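Each chain is listed here by its residues.
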Amino acid sequence: DTATAREVLVKTGLQKDQLRQIWNLSDIDRDGYFDHDEYVVAMFLVDAVVQKGRPIPKELPSSVIPPSKRELVAERQGGTFLS
């Protein structure tokens, strides 16, 4: 659930602004909650930042967008999703 996701994110040791960026990128449907796919995206981004030292991207790379969310992202961008 979302409360558990928040707890896990806070325990990563990332700063609040970093966590906010990751949350906003991962909450693909922008409903304020994580479903399973969005949680996986958040953990992927946390791992990239914490373990690999990568910067948080400005927008979610298409390779990270779960198949279940691709149509939503394409509609928001006014086109067709290209993988």
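Residues numbered from 1 in each chain as written. Predicted model: local features only at pLDDT ≥ 70, side-chain atom pairs only at ≥ 80, totals over all residues. Heavy atoms only, no water.

## What to know about helix α2 (residues 16–26)
No. 1: Turning to α2, its buried residues number three or more, namely L19, I22, W23, L25 and S26. Seen end-on, α2 carries its buried residues on one side only, within an arc spanning 165°. Seen from the open side of α2, the exposed residues pointing more than 90 degrees away from its buried face are K16 and N24.
No. 2: The inward-facing, buried residues of α2 contact α1 (2–10) and α3 (36–50). (Buried < 20%, exposed > 50% of the residue type's maximum accessible area, 1.4 Å probe, protein only. Helix = DSSP H or I, 4+ residues; strand = E, 2+ residues; numbered from the N terminus. Arc of directions from axis to C-beta. Contact = heavy atoms within 4.5 Å.)

## A look at the packing of α1 against α3
No. 1: Where α1 meets α3, the axes come as close as 11 Å, and the angle between the chain directions of the two elements is 5°. In terms of their interaxial angle, α1 and α3 are classed as roughly parallel. Of α3, the residues touching α1 (which contributes A5, V8 and L9) are Y39, A42, M43 and V46.
No. 2: Here the residues of the contact of α1 with α3 are counted per class, giving seven nonpolar, no polar and no charged. (Axes fitted to C-alpha atoms, helices over the stretch in contact; angles between N-to-C directions. Parallel < 35°, antiparallel > 145°, perpendicular 65-115°, else oblique. Nonpolar A, V, L, I, M, F, W, Y, C, P; charged D, E, K, R; others polar.)

## Topic: the environment of D37
No. 1: By secondary structure assignment, the location of D37 is in helix α3.
No. 2: As a C-alpha pair, D37 and S68 span 31 residues in sequence and 7.8 Å in three-dimensional space.
No. 3: A polar contact is formed between the side chain of D37 and the side chain of S68, at a distance of 2.4 Å. (Polar contact = N/O pair within 3.5 Å; in protein donor to acceptor, adjacent residues only side chain to side chain.)

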